Amino acid sequence: PIYRHQKIGMAIGLLGVFLLITRGRPNLLLETNWSYGDMLIFMANILFASYNIWVKKYYTSSVSNISFTLITNGFCLVGFLLFLPFYGITPIGQLDAIFWLSALGIGILGTGLAYILWNEGIKMTGAANAGFFMNIVPFATAIFSISFGEQIELYHLGSGGLILIGMIYFQG
């Protein structure tokens with residue numbers, strides 16, 4: 001069950017995400033022309049939420065976290081291979097060293113290690129608790145973007161504060 005303090009925490013956290021998405025100007029949401037890309041991102045979030053529920057429901061202690069993550073990522077590779085004829089692939093010779101270093105980091109840290117930690121967290125805390133932590137992704141992205149020369153604005157700090165307050169309230 002989701003308790004009252006968790007609902008309030010979710011509302012505060014989502015308000016923070018809303019503030020971040022609208023860059024501190026809620027009227028932008030009404031002025032935005034939703035694109036096909038926006039819809040794809042929305043559908044991906046629905047699938048990721050389903051993933052959280054499936055992990056909690058079907059991930060058993062008879063399989064190690066490493067094995068579970070390896071198997072699910074193996075099926076992910078199969079999925080990519082099935083979609084390859086529809087989207088194509090860039091010839092490997094056209095990719096520079098910076099790309100390969102980025103792909104290596106994203107593959108090892110952003111996919112491999114992240115999913116191992118995520119799956120273990122879901123197993124320990126449940127899909128609802130883990131799913132709520134997804135609210136921190138937009139804020140963390142904004143913070144990490146500093147290393148790529150992005151400017152942090154007041155709305156980043158305000159939205160991040162609301163997200164963190166919501167998470168703390170959610171935890172009780």
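Look up a bit, the structure's there.
Quick caveat: nothing in here was measured; it's all calculated off a predicted structure.

Student: Please give an account of the pattern of salt bridges that cites residues and values.
Tutor: Scanning the entire structure with this criterion turns up 1 salt bridge. A salt bridge links K123 to E120; its shortest N-O distance comes to 3.8 Å. Remark: E120 and K123 occur in helix α5 (residues 97-125); sequence separation between them is 3 residues, near one turn of the helix. Residue E120 is classed as partly exposed on the basis of its relative accessible area of 25%.

Student: Now, about the packing of helix α7 (residues 136-144) against helix α8 (residues 154-171): what can you tell me, with residues and values included?
Tutor: Where α7 contacts α8, the axes come no closer than 10 Å and their chain directions differ by 145 degrees. Between α7 and α8 lies a crossing whose hand is left-handed. Along its contact with α7, which presents I136, F139 and A142, the element α8 presents H156, G160, I163, L164 and M167. Taken together, the residues of the contact of α7 with α8 break down into 6 nonpolar, 2 polar and no charged.

Student: Give me the nonpolar core: which residues, what numbers.
Tutor: With 6 residues, the main nonpolar core is built from Y51, V55, Y59, F68, I122 and A130. Beyond its immediate stretch of four places on either side in the chain, I122 contacts N52, V55, K56, A127 and A130.

Student: Tell me what's going on with helix α1 (residues 4-21), and back it up with residues and numbers.
Tutor: An ideal rise of 1.5 Å per residue puts 26 Å on 18 residues; α1 measures up with 26 Å between its terminal C-alpha atoms. Q6, G9, G13, G16, V17 and L20 are the residues of α1 that are buried. Taken around the axis of α1, the buried residues stretch over an arc of 100 degrees, which confines them to a single face. Summarising the geometry of α1, the exposed residues directed more than 90 degrees from the buried face are R4 and K7.

How each quantity is defined
Residues numbered from 1 in each chain as written. Predicted model: local features only at pLDDT ≥ 70, side-chain atom pairs only at ≥ 80, totals over all residues. Heavy atoms only, no water. Salt bridge = Lys/Arg side-chain N within 4 Å of Asp/Glu carboxyl O. Helix = DSSP H or I, 4+ residues; strand = E, 2+ residues; numbered from the N terminus. Buried < 20%, exposed > 50% of the residue type's maximum accessible area, 1.4 Å probe, protein only. Axes fitted to C-alpha atoms, helices over the stretch in contact; angles between N-to-C directions. Left-handed = near helix turned anticlockwise from the far one by under 90°. Contact = heavy atoms within 4.5 Å. Nonpolar A, V, L, I, M, F, W, Y, C, P; charged D, E, K, R; others polar. Core = buried A, V, L, I, M, F, W, Y, C linked by side-chain atoms within 4.5 Å. Expected span 1.5 Å × (residues − 1). Arc of directions from axis to C-beta.

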